[in-house]
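In case you want the letters, here they are:
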Amino acid sequence: MSGQVPLLSVRDLHVTYAAAERPVPAVRGVDIELEVGETLGLAGESGCGKSSLAGALLRLLPGGTEVTGEVLLDGEDVLTMKPGRLRAVRWTDLAIVFQGALHTLNPVQRVGDQIGEAIRLHSKGTSHAKVRERVGELLELVGLPARRARDYPHQLSGGQRQRVLIGLALACEPRLLIADEPTTALDVMVQAQVLRLLEDLQERFGLATIFITHDLSTLASVCRRLAVMYAGRIVEQGPSHDVFAAPTHPYTRALAGAFPVIGDQAFRMAPAGLPGDPPDPRHLPEGCPFHPRCPAAVETCSSVPVELWPAGPGRAAACIHAPGSPVPA
Amino acid sequence: MSALAEAPSARRIAWLRRRRAVAGAWRDYRRHLPGMVGLVILVLVVAMALAAPLLADEAGLKAINSTGNPTWASPSEFGPLGTDGLGRDVMTQFIWGSRISLLVGLAATILAMVIGSVVGITAGFFGGAVSAVLMRVTEWFLVIPFLPLAIVLAAILGPSVKNIILVIGITSWPSTTRLIQAQVLTLRERDYVDRSRALGASNWHLMSRHILPNVSPLILANTTLTVPIVILSEATLSFLGLGDPSNASWGKMLDDAFESGAVTLEAWWYFVPPGLGILLVVLAFTLVGQALEEILDPRLRDKHG
Amino acid sequence: MTAGFISKKVLGALVTLIFVVCFNFFLFRVVDADPVANLFRGKELSQSQRAELREEFGLNGSQGEQFVKYLGQTAQLNFGRSYSTNQPVWDEIKKKAGATIALVGIAAVLSAVIGIMLGIAAAWRRRTKADYGITAFTMGAYSMPEFWLGMLLLTFFAVKLGWFPVGGITDPDSSATGLAKLADQAHHMFLPALTLTLAYLGEYTIIMRSSLLDTMREDYLVLARAKGLRDVLVRNRHAVPNALLPVVALMAINFGFVLSGAIAVEAIFSWPGLGLATYEALKGPDLPMLQGLFLVFSASVILFNLIADILYAWLDPRVRTS
Ligand SMILES: Nc1ncnc2c1ncn2[C@@H]1O[C@H](COP(=O)(O)OP(=O)(O)OP(=O)(O)O)[C@@H](O)[C@H]1O
Ligand SMILES: [Mg+2]
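Not measured: the values here are computed from a predicted model.

Caption draft 1: Geometry of the sheet that holds strand E2 (residues 24–34) of chain A. Residue and element names in this part refer to chain A. One open sheet holds the four strands; their spatial order is E2-E1-E4-E5, and the pairing between them is antiparallel. Because the sheet does not close on itself, it has two edges, and the strands there are E2 and strand E5 (76–77). The pairing of strand E4 (residues 66–73) with E5 spans two bridges and is antiparallel. Across the sheet, the residue bridging to Leu73 is Glu76, located in E5.

What follows is the structure in structure tokens.
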């Protein structure tokens with residue numbers, strides 16, 4: 001690692017939603033480091049806190065949600081920024097392709113205007129014609145004809161909307177892009193196209209990317225590094241080929257062992273071969289939160305807390321079976 | 001034999017389940033502050049209406065029995081609420097007026113609900129041409145402005161409590177119809193209706209056993225929300241001179257007050273109480289209705305609060 | 001928006017209008033076999049007077065003949081003559097329509113604008129004192145009979161304080177013209193317009209509040225914030241336009257209410273419009289006038305429904321472009 005400040009450095013991030021009965025700890029202590037131009041894949045079952053983590057990075061979570069820790073963008077903490085500074089950082093430094101393209105576009109505004117709004121906001125005084133031109137460029141960049149700018153979201157297909165969202169995310173040339181399940185709602189053919197597009201853009205612009213999905217095999221091919229989340233924590237991380245080819249954590253093994261059909265909704269909910277449901281963040285089991293479903297669980301798993309221990313070069317895993325685990329299994 | 005033995009127990013289970021549901025709803029309701037406030041106001045007003053003969057002498061409603069009283073006496077000069085231009089005690093009129101306002105409010109609502117539910121369930125259940133015709137007519141009635149229509153009807157039928165109930169009842173049903181029809185449409189799609197039909201259940205059986213119990217919470221909430229509208233309508237019609245002169249409601253009191261010049265005389269004690277009475281009852285019913293709606297339809301729970 | 005869409009809506013409105021016209025016929029003839037006897041109950045009528053009235057009502061001849069005759073007359077805006085003035089009903093209505101259009105128009109617009117703004121404020125500051133205050137105020141305003149509110153305002157601001165005239169549209173002793181006359185009319189209109197506005201803004205507030213609360217859960221607002229938009233702009237550019245759609249649908253219904261409410265309120269403030277005419281026709285009763293007014297009220301509500309439908313489609317691209 002170079003001595004410079006990393007582009008993104010997340011330290012001990014906690015996200016706790018306020019809820020009627022008891023608070024929901026959706027993210028419980030996550031550390032992430034990302035260099036300029038680097039790609040990180042973030043995988044995990046539905047409800048493990050991936051979107052919560054993404055939302056916390058730009059302070060987009062609903063009011064009343066408690067977010068603690070540090071989110072350093074170029075060494076500056078997003079969580080303590082003044083509102084004006086925060087608005088300036090949004091979209092110019094970090095942009096998000098949100099999960100669920102169907103509902104993330106304003107239904108009563110032309111898609112071109114929604115892209116243009118971001119451009120105008122961050123480079124004040126851009127002429128009308130310039131904005132239009134740039135919107136056209138962005139649409140063509142993501143493989144849509146420029147005239148589609150005049151369409152309303154409902155006039156576009158799911159894949160086209162997802163492309164618009166990607167184009168929109170690139171509008172202010174951010175240095176970090178978070179793509180939150182950019183392909184989940186799409187059919188197989190379109191998924192592959194969108195993925196290729198993202199890969200291509202990332203190479204062309206040297207964009208740092210955090211790629212979120214539940215599908216480990218996709219991530220392995222797209223990202224250099226992988227992090228696997230379970231119950232609000234990262235349970236394994238490392239170079240993606242190593243992690244994918246030889247998982248340390250039994251949960252990663254379950255995710256990697258199942259080769260899903262892309263877009264298979266059943267798999268999304270419960271990876272093949274894994275019994276039981278993902279845990280409710282409000283009622284987490286003692287010890288390792290994965291132990292009730294773990295095929296390799298031993299007695300100590302239900303009592304001894306786990307944390308990320310070294311598991312080979314550049315790798316770590318939160319499992320007592322990990323090579324660097326101080327706890328005898 | 002076994003089928004015979006099973007039938008009552010199945011019904012009993014259904015009955016028990018319903019009773020539990022009601023008990024659960026009441027537990028939720030008790031925690032609903034605005035709903036409880038509305039309920040308490042209603043109980044008080046209904047108690048006053050029922051106890052009217054004990055609280056005030058009905059004879060005091062007639063000017064002939066009030067000749068001994070001063071006219072236009074303010075509350076500080078006479079009784080709790082003063083007198084009107086004929087020397088009649090305003091408090092007596094207020095107490096007895098609550099009876100007519102509530103009676104019309106409830107009776108006309110029930111009439112509107114019966115028409116609205118029957119048309120709505122029929123349209124929703126049978127679908128097709130029947131539904132098309134019924135819903136078209138419903139749309140038409142929704143568009144006709146209520147008050148001018150009610151005025152014309154009441155003018156033709158003449159002023160009496162019975163007629164005003166009739167007029168309001170037959171002009172207030174269309175919105176209920178639309179609500180119920182939509183709900184029945186979604187119910188009809190459910191499996192158990194198909195299953196019952198496959199088992200040879202008659203339309204009547206399906207409607208009374210499956211559809212009606214499922215729409216009744218909706219009807220209940222809608223009823224509570226219709227009463228306040230009806231009470232306001234009654235007040236307006238009475239104010240316009242279409243109220244029963246021998247059975248004065250709060251609305252009729254307001255008409256009498258206005259006609260006898262209470263406004264120019266600044267005799268506020270004559271028209272403030274009946275107006276406040278209407279306001280409180282309407283508010284109370286609205287609060288109760290919204291509370292019921294929220295409890296019976298959890299999707300709304302987040303909305304009103 | 002296609003011409004097909006508009007012509008379909010216009011056609012629908014026309015069909016509704018025809019229904020109302022037919023309904024009006026049956027209302028006066030079928031519901032009650034002898035409206036003459038009923039309307040003049042308590043009054044002595046000679047045989048010849050009775051025959052004359054029956055002729056005037058078009059009650060002679062078979063039902064079919066009566067109906068055809070009625071349709072022809074209605075199409076020519078011939079609603080008969082008013083009993084009280086002996087002028088054609090349509091002329092009376094034309095003469096008085098202006099005052100009502102001004103009053104109802106102003107009140108309808110103000111109640112919509114203020115109601116919507118209060119709804120936005122309440123939803124945006126949900127569960128704060130402002131929200132509770134606005135909700136309590138609108139619930140109270142909604143629960144009052146509008147004419148009672150008018151009586152209270154009249155007693156206090158006109159009779160007691162003397163800030164406003166007690167009724168009418170102009171000062172009878174004044175010979176002002178031009179701007180001064182307009183100012184005088186505005187002075188007279190203030191209280192009735194305030195009454196109608198206050199009485200009918202509640203619905204807008206309630207609907208706008210709940211619609212905006214629904215909208216505020218939408219994902220596209222998170223995107224708008226993520227882009228770096230200020231909260232105020234997120235609200236005004238993204239949340240409000242979407243939340244307004246259901247409110248537009250309410251406008252037509254509410255217009256009908258304001259129009260109806262004007263009947264009693266005009267009576268209280270002796271505002272010389274169609275509402276006061278209705279009130280007076282009722283006291284008569286002046287049947288041809290009532291019939292004519294009923295048709296005019298219904299037709300204007302139908303027209304307003306049509307406008308609202310088209311406006312809705314124009315505002316919602318999902319309807320407009322399909
Ligand atoms: N606004 C909220 N209030 C309360 N709990 C929430 C809220 N949003 C999310 N949660 C809870 O937080 C947990 C994490 O949710 P999150 O959306 O981050 O999961 P995810 O990993 O993105 O899942 P998916 O793959 O389905 O997108 C879940 O248990 C969810 O129920
Ligand atoms: Mg997610």
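Caption draft 2: Representation of the pairing of strand E9 (residues 225–230) of chain A within the structure. Residue and element names in this part refer to chain A. Counting buried positions along E9 gives five out of six residues, so the element sits mostly inside the fold. Two strands pair when backbone bridges link them, and strand E3 (residues 39–43) and E9 are joined in this way by four bridges, in the parallel orientation. By the bridge assignment for E9, Leu40 is matched with Arg225. Following E9, the chain reverses through two residues before pairing antiparallel with strand E10 (residues 233–239); Ala231 in that reversal takes a positive phi of roughly 50 degrees.

Caption draft 3: Molecular detail of the site of ligand 1. Residues and elements named next belong to chain A. Near ligand 1 you find 16 residues, and of these Ser46, Gly47, Ser51, Ser52 and Gln99 are the closest. Lys50 is positioned with one of its side-chain polar atoms (N or O) 2.9 Å from an oxygen atom of ligand 1. When isolated, ligand 1 has an accessible area of 640 Å², and the protein chains bury 69% of it. At the level of secondary structure, the elements contributing two or more residues to the shell around ligand 1 comprise E2 and helix H1 (50–57). Looking at side-chain class alone, the shell around ligand 1 contains six nonpolar, six polar and four charged residues.

Caption draft 4: Inspection of helix H4 (residues 63–75) of chain C at higher detail. All names here are of chain C. When the terminal C-alpha atoms of H4 are compared, their 18 Å separation across 13 residues agrees well with the 18 Å that a helix rising 1.5 Å per residue should span. The complete set of buried residues in H4 reads Gln66, Tyr70 and Thr74. End-on, the buried residues of H4 take up no more than an arc of 60 degrees, which puts them together on one face. Exposed residues on H4 whose side chains face more than 90 degrees from its buried face are Glu65, Val68 and Ala75.

Caption draft 5: Structural detail: the interface of chain C and chain A. In this assembly, 21 residues from chain C lie in contact with 26 residues from chain A. Summing both sides of the interface, chain C and chain A together bury roughly 2200 Å²; the carbon and sulfur share of this comes to 58%. Of all residues in chain C, the largest losses of buried area upon contact with chain A belong to Leu223, Arg225 and Lys227 of chain C, amounting jointly to 29% of the total for that side. Put simply, chain C and chain A have two salt bridges between them. For the pair chain C and chain A, the interface holds 10 residue pairs in polar contact (both at pLDDT 80 or more). Among the elements of the structure, helix H9 (219–226), helix H10 (231–268) and helix H13 (317–320) of chain C are those that each provide at least two residues to the side of chain C that touches chain A. The greatest single-element share of the side of chain C that touches chain A, amounting to six residues, is contributed by H9 of chain C. Broken down by class, the residue content of the side of chain C that touches chain A amounts to nine nonpolar, four polar and eight charged.

Rules used throughout
- Residues numbered from 1 in each chain as written.
- Chains lettered and ligands numbered in written order.
- Predicted model: local features only at pLDDT ≥ 70, side-chain atom pairs only at ≥ 80, totals over all residues.
- Heavy atoms only, no water.
- Pairing = 2+ DSSP bridges.
- Helix = DSSP H or I, 4+ residues; strand = E, 2+ residues; numbered from the N terminus.
- Buried < 20%, exposed > 50% of the residue type's maximum accessible area, 1.4 Å probe, protein only.
- Near = heavy atom within 4 Å.
- Polar contact = N/O pair within 3.5 Å; in protein donor to acceptor, adjacent residues only side chain to side chain.
- Areas by Shrake-Rupley, 256 points an atom, 1.4 Å probe, with all protein chains shown as cover.
- Nonpolar A, V, L, I, M, F, W, Y, C, P; charged D, E, K, R; others polar.
- Expected span 1.5 Å × (residues − 1).
- Arc of directions from axis to C-beta.
- Contact = heavy atoms within 4.5 Å.
- Buried area = accessible area lost by both parts, 1.4 Å probe.
- Salt bridge = Lys/Arg side-chain N within 4 Å of Asp/Glu carboxyl O.

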